[in-house]
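Breakdown of the fold
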Amino acid sequence: MINKQLAKVMAPMRVLLLGLALMPGVLLAQANQLNDIQFSELPGSRVQLRLTFSDVPPEPTGYTIEQPARIVMDFAGVESALPQKKYSLGIGGARSAVIVSSEDRTRLIVNLDQLPVYTSERKGNQVVLEIGADSATTASVAAAPTKATHDKGLNLGGQKQFRAAGSVAVSNVDFRRGEGGEGKVIVSLTDPAVNIDVERTKGKIFLTFLGAELPDSLRQRLDVTDFATPVKAITVDYDGRNTVISVDPAGTDYDYLAYQADNEYVLSVKPLSVAEVREKQKEFQFSGEKLSLNFQDIEVRSVLQLIADFTDLNLVASDTVQGRITLRLDGVPWDQALELILKAKGLDKRQEGNVIMVAPAAEIAERERQELETRRQLEELAPLRTEYIHVRYADARELFTLFSGRQGGGGAGQGSFAGGREDQSERSILSARGSAIVDERTNTIILTDTEEKIAQFRELIEAIDIPIRQVMIEARIVNANTDFARELGVRWNYTESHQIDPDKIGIGSGTQDGGPVIGNGSVPSVSSPVSFHDSPLVDLGVANPAGSVAYAILKDNLYLGLELSALEDVGKAEIVSQPKVVTGDKQEATIQSGVEIPYLEATSSGAASVTFREAVLELNVVPQITPDNNIIMALNIEQNSVGELFTDLATGSQIPSININALQTKVLVRNGETIVLGGIFESQVIEGETKIPLLGDIPYIGNLFKNTVRNDDKRELLMFITPRIMDEEIYYGK
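Residues numbered from 1 in each chain as written. Predicted model: local features only at pLDDT ≥ 70, side-chain atom pairs only at ≥ 80, totals over all residues. Heavy atoms only, no water.

- As recorded in an unreviewed UniProt entry, the protein goes by the name Type IV pilus assembly protein PilQ, listed as coming from Microbulbifer donghaiensis.
- Word for word, the UniProt comment on the protein under Subcellular location (unreviewed entry) is "Cell outer membrane".
- According to the UniProt record, the Sequence similarities (unreviewed entry) comment for the protein reads "Belongs to the bacterial secretin family. PilQ subfamily." (UniProt positions renumbered as here; feature names shortened; annotations may be inferred.)

Shown next, in the form of structure tokens:
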């Protein structure tokens, strides 16, 4: 009986648990998604958009805007599964389509050239939108029953359109910084159906809300520089009819995007990366004034004449420029338009001053080839001249070798080179008939060639033969050493003898093996030498103490002595090496100072030879002056010193070891500034203890039966460098 009642109670619970387990799948199945969007062009310049959903789509709602022309459709409870958000169309009057998805809906925005009539229809799990439908179709659709939404929305089946009313106003203007560093201008509207004009002119972005009013409290200028976005300031104003928001960007390396979501209109201004700036410059390489051309089957010569009239340039067209062309260009730079027309007809141009010559590309290439051939023939017939070019600062031999591409032979102190064959003259600034001789004694180049080649050579000499800027490099190497040593020891003496003369053993301060003795006993305290004749009982004293204290007990024939000895040694040393050298830009310089240490070294024959080892301070540097007066230096610094001596078993001579401190690096330093190149810090702590077992381990008392040593050595090496560009007026005496 109890089991039956329990079964009746558990049955509803099982159904409830099963329902809870299946609920996520049911909810997941109910989520509708936009899976596909297709575009097609229909007869009569109509455009069809076909949206495919995972389930029956909801009835779309939305609105239209005349300026800029766009159609907005909202699908409640739909998520977008499309791979991208923006689709470029370029068919009919449709420019692009944008799909934006939020938590509770998906929005379709169709950007148009102008706002035509359109229809929308649900077919199964698809929604078909036709833009540019004829009036009969529109009338039939408009007569269909519709389900009205609130006054800010629209059932697209009814084809109701919104216009900006006088009650439309801007309720708020806000600015925010996005995650990617973009600046967002957010404008709140009382009604989304407002015509908005976006224009970029005079380096600013203007948002004009046509017919929208602006409260007096919002008329202001906002300085948003502190947000670190491409936007510097925002100006909100009202011109009596429209609300105008002026956005002032910082610089030109930015891009902007404007979009509307219900009652909010957002202008996003984002910075461009270096790659995007380069791509933008490559894309917009034409800088001419924009023009519009729309012609059907017009002569090419007439179009060229129109461009010449537009640009106020003189145009010369060859007789072979023929043909007709059809073109439609809207707001295109004139130089880009000219380039497109020339490419389309196989033409080319050459511009000299304000004169443009247009001809077929093959004709221009042939003409230039003939000009080069004529020029070469004139060079072959031109008279030769001889000139003496004196080189002031550079080496004439190196300079001529640089220009000629090879170095010719010659007598002592002289070199010569002739242009000779054509392949040699191509590598040389000289012509095929030219020749030159270098006089190293007077640093002069004797040049024989045509007037044109001599003028080119002299121009290059004047540009290159200039004094090299000088740099003074100062290095500072600091070696800092700190040594500390402390030693404490104890010595015990015990003597038991019947021959102890108490009159000769003083109890007081005195000398015992070089140290004082202080004591107290049965005889008066006197100052007298004390000697321990027998071997000490415990000898843990300091070897060479700086001082010692002794205490002795004398009783009958028993003598017990205690001596405390201590040593503390503190040493500090600082060695500063400061090499300094002056050299020219990109010229290597080396300075050394030190000794060469001789020692004997055994040879293969068994004899001994003298060998030298260097222990030097060396600075090797190659400076390079940058255009902003900084200095790049390739440095090699060494500071070596003589170390310990080792005995060579073969020769018995003492071979020195070398302590090496070296640094090799390349560094960029500002003119006159000092930089730390590197450093080495060494610390060595040694503690030692010698004691008598058991007695030395007794607390406190054990210190009388041990010897303690502590050594603390610290060494630090630092290297500094200071480059200075020498004043040209002082150095060259200007």
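1. With respect to the overall build of the protein
- Assigned secondary structure in the protein consists of ten helices and 39 strands.
- Relative to its full complement of 734 residues, the protein shows a buried share of 35%.
- Put simply, of all contacts in the protein between residues at least 6 apart along the chain, 62% involve residues at least 24 apart.
- Working note: accessible area of the protein is about 43,600 Å², and carbon and sulfur atoms make up 51% of it. (Helix = DSSP H or I, 4+ residues; strand = E, 2+ residues; numbered from the N terminus. Buried < 20%, exposed > 50% of the residue type's maximum accessible area, 1.4 Å probe, protein only. Contact = heavy atoms within 4.5 Å. Areas by Shrake-Rupley, 256 points an atom, 1.4 Å probe, with all protein chains shown as cover.)

2. With respect to the confidence of the model for the protein
- This prediction gives the protein a mean pLDDT of 76; 79% of its residues lie at or above 70.
- Low pLDDT, under 50, characterises residues 1-7; the predicted model gives this stretch zero contacts beyond four residues in sequence or across chains.
- Considering only residues more than four positions removed or in separate chains, one finds that residues 420-426, a stretch of pLDDT under 50, has eight contacts. (pLDDT = per-residue confidence, 0-100.)

3. A closer look at helix H5 (residues 334-344)
- Within H5, the full set of buried residues consists of Trp334, Asp335, Ala337, Leu338, Ile341 and Leu342. Looking straight down H5, one finds that the buried residues subtend no more than 160 degrees of arc, so they occupy a single side. Away from the buried face of H5 by more than 90 degrees, exposed residues Lys343 and Ala344 are located.
- Looking at the buried side of H5, the elements it contacts are strand E20 (290-299), helix H4 (300-311), strand E22 (324-333), strand E23 (347-352) and strand E24 (355-360).
- Once H5 ends, the next one or two residues include glycine 346, with phi positive near 70 degrees. (Arc of directions from axis to C-beta.)

4. Considering the sheet that holds strand E36 (residues 630-647)
- Taken in spatial order, the four strands of this open sheet run E34-E35-E36-E37, and their pairing is antiparallel. Every other strand in the sheet has two partners, leaving strand E34 (589-602) and strand E37 (654-670) as the edge strands with one partner each. Within this sheet the neighbouring strands show an average axis-to-axis angle of 15 degrees, counted without direction.
- With nine bridges connecting them, strand E35 (residues 608-625) and E36 associate as antiparallel partners. Looking at E36, one finds that valine 621 is bridged to leucine 635. (Pairing = 2+ DSSP bridges. Axes fitted to C-alpha atoms, helices over the stretch in contact; angles between N-to-C directions.)

5. A word on the pattern of salt bridges
- Per the counting criterion, the structure on display carries 28 salt bridges.
- Between aspartate 297 and arginine 324 there is a salt bridge whose closest N-O contact spans 3.0 Å. Highlighted residues: aspartate 297 in strand E20 and arginine 324 in strand E22, separated in sequence by 27 residues.
- Notably, a salt bridge pairs glutamate 368 with arginine 350, separated by 2.6 Å at the nearest N-O pair. In this pair, glutamate 368 is assigned in helix H6 (residues 361-381) and arginine 350 in strand E23, connecting sequence segments 18 residues apart.
- Looking at glutamate 368, the relative accessible area reads 31%, which means it is partly exposed. (Salt bridge = Lys/Arg side-chain N within 4 Å of Asp/Glu carboxyl O.)

6. Some remarks on unusual backbone geometry
- Its identity as a non-glycine residue notwithstanding, alanine 228 has a phi of 60 degrees, on the positive side.
- Among the structural elements, alanine 228 can be located in the loop between strand E15 (220-223) and strand E16 (231-238).

7. Here's the deal with the packing of H4 against H5
- Between H4 and H5, the least distance of the axes is 11 Å, while the angle of their chain directions is 165 degrees. With respect to their mutual orientation, H4 and H5 come out roughly antiparallel. Our pair here, H4 against H5, has a crossing hand that is left-handed. Contacts between H4 and H5 involve Val300, Val303, Leu304, Ile307, Phe310 and Thr311 from the former and Trp334, Leu338, Ile341 and Leu342 from the latter.
- Grouping the constituent residues of the contact of H4 with H5 by class yields nine nonpolar, one polar and no charged. (Parallel < 35°, antiparallel > 145°, perpendicular 65-115°, else oblique. Left-handed = near helix turned anticlockwise from the far one by under 90°. Nonpolar A, V, L, I, M, F, W, Y, C, P; charged D, E, K, R; others polar.)

8. Brief notes about the pairing of strand E8 (residues 105-112)
- For E8, the tally of buried residues reaches seven of eight residues, placing the bulk of the element in the interior.
- Bridge count between strand E7 (residues 94-101) and E8: seven bridges; the pairing is antiparallel. Looking at E8, one finds that isoleucine 99 is bridged to leucine 108.

9. Examining the packing of aromatic side chains
- Counted under the stated rule, the structure contains five aromatic pairs.
- Between the aromatic rings of phenylalanine 39 and tyrosine 87, the centroid separation amounts to 5.8 Å while the plane-to-plane angle is 50 degrees, which identifies the pairing as tilted. Of this pair, phenylalanine 39 sits in strand E1 (residues 32-42) while tyrosine 87 is found in strand E6 (residues 86-91), placing the two residues 48 residues apart along the sequence.
- Its relative accessible area of 27% is what places phenylalanine 39 among the partly exposed residues.
- A residue is classified by how much of its surface remains accessible, and tyrosine 87, at 13% relative accessible area, is buried.
- Centroid distance tryptophan 492 to phenylalanine 705: 5.6 Å. Interplanar angle 10 degrees. Geometry classified as stacked. Residue tryptophan 492 is located in strand E29 (residues 470-496), and its partner phenylalanine 705 is located in the loop between strand E38 (675-691) and strand E39 (706-725); the two are separated by 213 residues in the primary sequence. Across the pair, exposure class does not vary: tryptophan 492 and phenylalanine 705 are buried alike. (Phe/Tyr/Trp six-rings, centres within 6.5 Å; stacked < 30°, edge-to-face > 60°.)

10. Re the pairing of strand E10 (residues 126-131)
- Burial analysis of E10 places five of its six residues in the buried class, which makes it a mostly covered element.
- For strand E2 (residues 46-53) and E10, the ladder comprises six bridges, and the chain directions are antiparallel. Opposite threonine 52, over in E10, you have glutamine 126 as the bridge partner.
- Where strand E9 (residues 118-123) and E10 come together, six bridges link them in antiparallel fashion. When the sheet's bridge partners are listed, arginine 122 is paired in E10 with valine 127.
- Counting the residues in the hairpin turn of E9 and E10 gives two residues, including glycine 124, whose phi is positive at 65 degrees.

11. Here's the deal with the sheet that holds strand E4 (residues 70-76)
- A sheet is described by the order of its strands in space; here five strands give the open sequence E3-E4-E8-E7-E6, paired in antiparallel fashion. One side of each edge strand has no neighbouring strand; the edge strands of this open sheet are strand E3 (61-65) and E6. The average angle at which neighbouring strand axes cross in this sheet is 15 degrees, direction not considered.
- One ladder, built from seven bridges, connects E4 with E8; its direction is antiparallel. Bridge assignment links phenylalanine 75 to a residue of E8, and that residue is threonine 106.

12. Some thoughts on the environment of lysine 343
- Considering the arrangement of structural elements, one finds lysine 343 in helix H5.
- Sequence separation between lysine 343 and alanine 361 is 18 residues; the distance between their C-alpha atoms is 9.4 Å.

13. Considering the side chain of aspartate 585
- One can find aspartate 585 in the loop between strand E33 (580-584) and E34.
- Reaching out from aspartate 585, the side chain makes a polar contact with the side chain of lysine 586 at a distance of 3.2 Å.
- If near-sequence neighbours (up to four positions away) are discounted, aspartate 585 is found in contact with Ile468, Arg469, Pro623, Gln624 and Ile625. (Polar contact = N/O pair within 3.5 Å; in protein donor to acceptor, adjacent residues only side chain to side chain.)

14. Points about helix H9 (residues 451-464)
- Compared with an ideal rise of 1.5 Å per residue, which puts 14 residues at 20 Å, H9 spans 20 Å between its outermost C-alpha atoms and is within 8% of the ideal.
- Taken residue by residue, H9 has Lys453, Ile454, Phe457 and Ile461 as its buried positions. Projected down its long axis, H9 carries its buried residues within an arc of 100 degrees, all on one side. Counted as exposed and oriented over 90 degrees from the buried face of H9: Glu459, Glu462 and Ala463. (Expected span 1.5 Å × (residues − 1).)

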